[in-house]
Each structure stands twice: as C-alpha cells, then as structure tokens.
Amino acid sequence: MTKVIMDCDPGIDDAIALTVLLAHPEAADLIGVTTIGGNVQLYKVTKNAQKLLTFLGSNTKIAMGQSDPLVKEIETAGEIHGKTGMDGYQFPENSLEYPIVSDNAITFMNEEITNSDEKVNIVATGPLTNVALLLKTFPKVAEKIEHIYVMGGSIEQGNITLASEFNAYVDPEAAKIVFDSGLPITLSGLNLTENKAYLTMDEISQIKNLGKTGEMASAILDFYASAEREKGMTKIPVHDACAVLSLVAPELFTKSEKFNIEVSLTNDQFRGMTYPDRRVYAPDDKNIEVLEDVNREKFVQYIFDSIQSHNK
Ligand code: BDR
Ligand code: CA
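Since the structure is predicted, the reported quantities are computational estimates derived from the model, not experimental observations. (Residues numbered from 1 in each chain as written. Chains lettered and ligands numbered in written order. Predicted model: local features only at pLDDT ≥ 70, side-chain atom pairs only at ≥ 80, totals over all residues. Heavy atoms only, no water.)

Explanation requested: the overall build of the protein chain in the structure shown.
Helix and strand counts for the protein chain come out as 12 helices and 12 strands. Taken against the 2.2 N^0.38 rule, which gives 20 Å for 312 residues, the C-alpha radius of gyration of the protein chain at 18 Å falls within 12% of a compact globule. Taken over the C-alpha atoms alone, the protein chain extends approximately 55 × 45 × 35 Å along its principal axes. Among the 312 residues that make up the protein chain, the fraction classed as buried is 59%. Counted over contacts in the protein chain with a minimum sequence separation of 6, partners at least 24 positions apart contribute 83%. (Helix = DSSP H or I, 4+ residues; strand = E, 2+ residues; numbered from the N terminus. Rg over C-alpha atoms; globule rule 2.2 N^0.38 Å. Buried < 20%, exposed > 50% of the residue type's maximum accessible area, 1.4 Å probe, protein only. Contact = heavy atoms within 4.5 Å.)

Explain the environment of alanine 241 here, please?
Here alanine 241 lies in helix H11 (residues 239-248). Assessed through its relative accessible area of 0%, alanine 241 is described here as buried. Counting along the chain gives 166 residues from alanine 241 to glutamate 75, while the straight-line C-alpha distance between them is 22 Å. Sequence-distant contacts of alanine 241, that is, excluding residues within four places in its chain, are made with Asp13, Ala17 and Ile303.

Please explain the packing of helix H1 (residues 12-22) against H11 as it appears in this structure.
Packed helices, taken two at a time, are described by their axes: the angle between them and the distance between them. Running from amino to carboxyl end, H1 crosses H11 at an angle of 25°, the nearest separation of the two axes being 6 Å. With respect to their mutual orientation, H1 and H11 come out roughly parallel. In the crossing of H1 with H11, the sense of the turn from one axis to the other is right-handed. Across from Asp13, Asp14, Ala17, Val20 and Leu21 in H1, the residues of H11 making contact are His239, Asp240, Ala241, Val244, Leu245 and Val248. (Axes fitted to C-alpha atoms, helices over the stretch in contact; angles between N-to-C directions. Parallel < 35°, antiparallel > 145°, perpendicular 65-115°, else oblique. Left-handed = near helix turned anticlockwise from the far one by under 90°.)

Looking at this structure, I do not really get the coordination of the calcium ion (ligand 2). What am I missing?
Octahedral six-donor coordination of a metal ideally yields angles of 90 or 180 degrees, compared with 109.5 degrees for tetrahedral four-donor coordination. For the calcium ion (ligand 2), the full set of protein donor atoms is Asp9 (OD), Asp14 (OD), Asp14 (OD), Thr125 (O) and Asp240 (OD), at a range of 2.2 to 2.6 Å. Of note, the donors binding the calcium ion (ligand 2) are all from one chain and are spaced D-x4-D-x110-T-x114-D. Taken together, the residues span a long stretch of sequence, with aspartate 14 in helix H1 and threonine 125 in the loop between strand S4 (120-124) and helix H5 (129-137) at a distance of 111 residues. Threonine 125 matches aspartate 14 in its accessibility class, with the two residues each being buried. (Donors = N, O, S within 2.8 Å, 3.2 Å for Na, K, Ca; no water.)

Looking at this structure, I do not really get the environment of alanine 15. What am I missing?
Here alanine 15 shows up in helix H1. A sequence separation of 282 residues divides alanine 15 from glutamate 297, and the C-alpha atoms of the two residues are 21 Å apart. The residues touching alanine 15, leaving out its near neighbours within four places in the chain, are Pro10, Leu52, Met86 and Ile220.

Help me out: how do you make sense of the site of ligand 1 in this one?
Asp13, Asp14, Asn39, His81, Thr125, Met151, Asn159, Glu165, Phe166, Asn167, His239 and Asp240 make up every residue found near ligand 1. In the environment of ligand 1, an oxygen atom lies 2.5 Å from a nitrogen or oxygen atom belonging to the side chain of glutamate 165. About the coverage of ligand 1: the protein hides 95% of its 280 Å² of free accessible area. Going through the elements one at a time, H1, helix H6 (166-170) and H11 are the ones with two or more residues in the shell around ligand 1. (Near = heavy atom within 4 Å. Polar contact = N/O pair within 3.5 Å; in protein donor to acceptor, adjacent residues only side chain to side chain. Areas by Shrake-Rupley, 256 points an atom, 1.4 Å probe, with all protein chains shown as cover.)

Teacher, can you tell me more about the nonpolar core here?
The nonpolar side chains of a soluble globular protein tend to be buried, and buried together. Grouped together as the largest cluster of nonpolar side chains are 59 residues, with contacts concentrated most on Met6, Leu221, Leu245, Val248, Phe299 and Ile303. Once you skip the residues sitting within four places of it in the chain, leucine 245 turns out to touch Val20, Pro250, Leu252, Phe253, Phe299, Tyr302 and Ile303. Listed in part, the 33 residues of the second largest apolar core include Met109, Leu128, Ile155 and Val263. (Core = buried A, V, L, I, M, F, W, Y, C linked by side-chain atoms within 4.5 Å.)

Help me understand the confidence of the model for the protein chain in this model?
Detailed reading of predicted coordinates is not advised where the pLDDT is low. Summing up the model confidence of the protein chain, the mean pLDDT is 96 and the portion of residues at 70 or higher is 100%. S4 holds the highest mean pLDDT among the elements of the protein chain, 99, whereas helix H3 (residues 78-81) holds the lowest, 88. (pLDDT = per-residue confidence, 0-100.)

Is there a simple way to think about the packing of aromatic side chains in this case?
Pairs of aromatic rings are described using the distance from one ring centre to the other and the angle between the two planes. Tallying each qualifying case throughout the model produces three aromatic pairs. Taken together, a centroid distance of 5.7 Å and an interplanar angle of 90° make the contact between phenylalanine 55 and tyrosine 89 edge-to-face. Of the two residues, phenylalanine 55 is situated in helix H2 (residues 42-55) and tyrosine 89 in the loop between H3 and helix H4 (105-114); the sequence distance between them amounts to 34 residues. With centroids separated by 5.0 Å and ring planes inclined at 75°, the aromatic side chains of tyrosine 89 and phenylalanine 91 adopt a geometry described as edge-to-face. A residue is classified by how much of its surface remains accessible, and tyrosine 89, at 25% relative accessible area, is partly exposed. With relative accessibility at 5%, the residue phenylalanine 91 sits in the buried group. Sitting over the face of the ring of tyrosine 169, lysine 72 holds its NZ or CZ atom 3.5 Å from the ring centroid. (Phe/Tyr/Trp six-rings, centres within 6.5 Å; stacked < 30°, edge-to-face > 60°. Lys NZ or Arg CZ within 6 Å of the ring centre and 35° of its normal.)

Here it is in structure tokens:
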C-alpha cells in the first residue's frame, strides 16, 4: 500500500486536496498530516486540519510544523482563504478536541518514515519549510522517501509577483533545498493549476448536491471563488488537489520530461521564481517532472466522486 504524509497549510484548496486524498484509502494510506504556516498562521492551519479531519471522521495523526519560513518573514494569503484560513463553513465546535500528536513535524516525519516498513510518499501543498528541514536535519531519511508530490512554483506565470507562485515565494530557500535534493518530484505548478485544472462557478454550485461533505466543500469553495473573482479570476483553480491527484490518479495528467528546476533567491521581483533547466547540455541528474495538462472533464468528475464517497 502506498503510504503518504501530507504536509499542508489548509487553506481551502488544501482542504479539498485532503478531502480527495481521504476518499481513496485503496490508493493511498495517509499516515500523517503535518502543518506549515502559509495561507494563514501555523496555529490557524493546524486548527483547520483538526476541523477537517474531525468532519471527515479520520483518525490520521496530526503534527504541527514550522510557523515561519527558513529565512524570510512569513507572508500569508488570508484575503483568499479568509480570517480562519478556511472560511465559508461552520465546522463543529468539538473539532479542537482532535489530538495533535507532536509539535515537531520534523521529528514526527522522520520517525514515521524511518520506522515504516515501506518507503513513504510526501504530498506537499504549502511552503516547503518542513520538508526542507526534514531533509537537512535527517539526511538518511531520503533513502526511505519514495516520491514528493508538490504544489508549488510554475513554469509559466506567477501569482504573487509576475514570476513567483505563493508557496515558492513564501519560502524559496526551502523550495531550493527540496528541488535540489535529487529525490523524484512531481510538480503541480500554476502553469497547470491555474490554466488547466480549474472549476467553474457552476461546478462549485453542483458540489453542494453531493451530500454533507459536498455542502461543506461547496461552501468553502464558494468563499474562495468570491475572493478569487475579486482578484479578476474567472476560473477557480483548486491548486492543491492536483498534487494529491497526481499521486492517486496520475492517468489524468500529461507530464513533461524530467528537468532540474532552479529557484531564484534574489531579493527582487524574481524571488521565488522557479525555472526549468532546458539547456540541451543540462546535467543528467534531472529529478522533477512537471505536470503540463489534465483531462479536465475527468478531473472534475474525480473530485465530485471523491467528495460524494465520504457520505457513504
Ligand atoms: C498555493 O498557494 C496557496 O494559497 C494555495 O493553498 C496553494 O497551495 C497556490 O499558489
Ligand atoms: Ca496550500
């Protein structure tokens, strides 16, 4: 069975991603959720993970990760995800009774991965601070990591600056450490998530009809959509769901050849920009495949079916 740790900053699209992941125990055994300050502060994203796992009736372990990026001050995205980071739905009050097994996601991940009988996959949908610290603090753990599925970066447009995507922009030093690790990585960048892997407003309102989980998902997506619309977006990207789907349903996507990807660490508008080394004489140790396209019809149906399956 494919074992997975999800490192995330829920975050509305992170919440949809977790909802999809937990709908597929046949494809992935979620052995832990680790949180990272990103969309909103660490204590809020951790509360959101508790709320969501309580709502979905999961008993996956939660460990709290880093509150701040390696070098930069944290920048959040509360304007898109709301004050709580997961606005739009009133989750039950008892959510905060959900246990947090560790306040150190780095040692938690190391122990879970090292003690696992099989290699473990990581799905990372927030800034890459926890994963970078894991690789730096416990370098031997890399031998037990099967694959890292990342939502972050882009090989086309940015969404924070012209060039930089949010997760890579918030902690570019961490992104560089992870991308340079040599581990196999599948990248869901904005070139896919914004341009190809979106939901329409009509699809978001159809989600409401998919039982109790559909009501929750549609309510938070509705909040997110209104915030995205204010920014001028007409299609609603569910970025983080792509990272999960690239693990549980890889057949939905077309991938690039492998590249090395550089992350800009300059202190200007290019900070956090990710760019593939496409030189014909690029070194051979290429480790990152970039998702280029998706069968959108099947993608939407997969999300719908995953949400609906929680009501059974
Ligand atoms: C990424 O930034 C966050 O706001 C989303 O949750 C997603 O992980 C998209 O740029
Ligand atoms: Ca995220």
